[in-house]
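Listed below are the residues making up each chain.
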Amino acid sequence: MTHTYKRLLAILLICPLFTAAQYAPVSQPGGSLKLVKVGTGKPRNVVFILTDDHRFDAMGFLKAQEFIKTPNMDRLAKEGAYLPNAFVTTSLCSPSRASILTGIYAHKHKVVDNLNPVSKDIVFYSQYLQQIGYQTAMIGKWHIGGEHDDPQRGFNYWVSFKGQGSYFPKPAGLNVNGKHVPQKGYITDELTEYALDFLQHRDKNKPFMVYLSHKGVHSDFLPAPRDKGMAAGYKFVPPVSMDPSKHIDAPMWLQNQRNSWHGVDFPYHSDLNIEEYYKRYAETLYSVDASIGKVMDYLKSQGLLESTLIIYMGDNGFQFGEHGLIDKRVAYEASMRVPMLAYCPEIIKPRTVVNDVVANIDIAPTILEAAGLKAPAYMDGQSFLPQLEGKKAVNWRTGLLYEYFWERSFPQTPTMHALRGDRYKLIHYTGLWDTDELYDIQNDPQELHNLFRTKENQGIVRDMTKQLFDIMEKTGGMYIPLLPTGGGQHNLRYEKGSKAAVFPPYMMREKPESNGAQ
């Protein structure tokens, strides 16, 4: 057998494995929507509130910045549960939202960017709820692949807009149950009113699930007129990692991204002031917080506040200078970590803190369990409802997979896979001539000291690398999704900004002298 033939045979034997990985199950056999019932109580009403780009520490009670004011979120944490270790598995709008609705990783639902739509084979958790008689509402930003606002499967009541929508009225307007109508006012307020309209006119003999998905606080941040200027006069505390000298053994790609569309030297290819930008973000967040209060007030007026499960979270984090970056996408804490709160006095005690690592893929299983249903086996997430009830988790994850796939429109951020454990985080890059990263999150929460090359941590690197690839193999993630690209590239640099990174000394060698051998 020739060497070429052996190589071809090996490739043919491996190919079915990669094919299987690309087509991991995303629904039950035959597309069945019937799930096993669990528990003996009646299906619980659910309100799931999602905000856009809300970073993990931008809540008043955490006191990260003086100008962050969120009294209603503070109330949820005080009277309900706070989940400090909540993450998304891909920090990008469409992939994260698809994971929330499906309970599976981006490499399985294949919504890996903001351009390509979700497959018709994908099942949303709301479809399972409809199957057992729930009234379901989707109100707000859909934005799962492309610029469309058409009503989607799994929802009885629909209010949305195309793409990112707009804070103030524009001609595109809103799609309300398949009919295009004008947007009348500030988007956060208007979406809240639609949510209340659904609740007021629902069938009171059936359980409900409201998915209230705000545009806020996506850039460009535009606060409600009543909130404009509320953050003025407060001091902005820049992150320690904004100073590049503080980051030990930083990758070259990161040093280069500092001077890019998503870097502090040339943010959005402009002279944007990070402090002013963050303050506008905080002012835009005020109306989102007020929206939570209005929903809670209505539920209380109807005698439903004690029994309704309210879950609040952000779809991605957001960086305001961390590691010299803005925006999201990367696997650093400020990008992949999100706020998460839960409230339901019937089952959640005040000031509950759930320290387990939870994620967007856990939302669907949790809501299904609240409805009295067991999550389907193909879902990657787990229900954290027991932890909210004060119970100890059984067989909870020891590491969470994070993944981001390179986008042609934003070429400064590479493909990466990360494993986020309780203490350490490993970041593994693909297609990049650079260093990987390892951080001790407990002792280095700002991720300033890359331990990847340190001799004493090589055992941790080996173990976490194995665990990372074990998860990817188990969930069908051993491939790089390739989809059609579109749009231009944000690939410019500021000529007076930071210079291109140089290869570090540990990668440099002297060229050996030739001994004349041919």
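Not measured: the values here are computed from a predicted model.

### Quick notes on the pattern of salt bridges
Two side chains that carry opposite charge are able to pair once their charged atoms sit near each other. All told, the structure shown has 25 salt bridges when counted by the stated rule. The residue Arg 397 makes a salt bridge to Asp 362 at a minimum N-O spacing of 2.8 Å. In this pair, Arg 397 sits in the loop between helix H11 (385-388) and strand E15 (399-404) while Asp 362 sits in the loop between strand E14 (358-359) and helix H10 (363-370), placing the two residues 35 residues apart along the sequence. Neither Arg 397 nor Asp 362 differs from the other in exposure class; each is buried. Among the salt bridges present, the one from Lys 466 reaches Asp 470, with a minimum N-O distance of 2.8 Å. Pair noted here: Lys 466 and Asp 470 are both in helix H12 (residues 458-474), with a separation of four residues, about one helical turn. With a relative accessible area of 36%, Asp 470 lands in the partly exposed category. The structure contains a network of salt bridges with shared partners spanning Glu 333, Arg 337, Arg 420, Lys 425 and Glu 447.

### Examining the side chain of Asp 53
Mapping Asp 53 onto the fold places it in the loop between strand E1 (46-51) and helix H2 (71-79). At 3.0 Å, the side chain of Asp 53 forms a polar contact with the side chain of Lys 328. With sequence-adjacent residues up to four places away left out, Asp 53 is seen in contact with Cys 93, Val 217, His 218, Tyr 281, Asp 315, Asn 316, Gly 317, Phe 318 and Lys 328.

### Some thoughts on the confidence of the model for the chain
Model confidence for the chain is summarised by a mean pLDDT of 94, while 95% of its residues fall at 70 or above. Contacts for the low-pLDDT stretch residues 3-18, under 50 throughout, to residues beyond four places or in other chains number two contacts.

### Describing the sheet that holds strand E6 (residues 174-176)
Within a beta sheet, neighbouring strands are joined by backbone hydrogen bonds and run either parallel or antiparallel to one another. Spatial strand order, E7-E6-E5-E4-E8-E1-E9-E12-E2-E13: ten strands in an open sheet with mixed pairing. The sheet is open, and its two edges are formed by strand E7 (179-181) and strand E13 (352-353), each paired on a single side. Bridging between strand E9 (residues 309-314) and strand E12 (residues 340-343) involves four bridges; their strand directions are antiparallel. Its bridge partner lying in E12, Ile 310 is registered against Tyr 343.

Parameters and conventions
Residues numbered from 1 in each chain as written. Predicted model: local features only at pLDDT ≥ 70, side-chain atom pairs only at ≥ 80, totals over all residues. Heavy atoms only, no water. Salt bridge = Lys/Arg side-chain N within 4 Å of Asp/Glu carboxyl O. Helix = DSSP H or I, 4+ residues; strand = E, 2+ residues; numbered from the N terminus. Buried < 20%, exposed > 50% of the residue type's maximum accessible area, 1.4 Å probe, protein only. Polar contact = N/O pair within 3.5 Å; in protein donor to acceptor, adjacent residues only side chain to side chain. Contact = heavy atoms within 4.5 Å. pLDDT = per-residue confidence, 0-100. Pairing = 2+ DSSP bridges.

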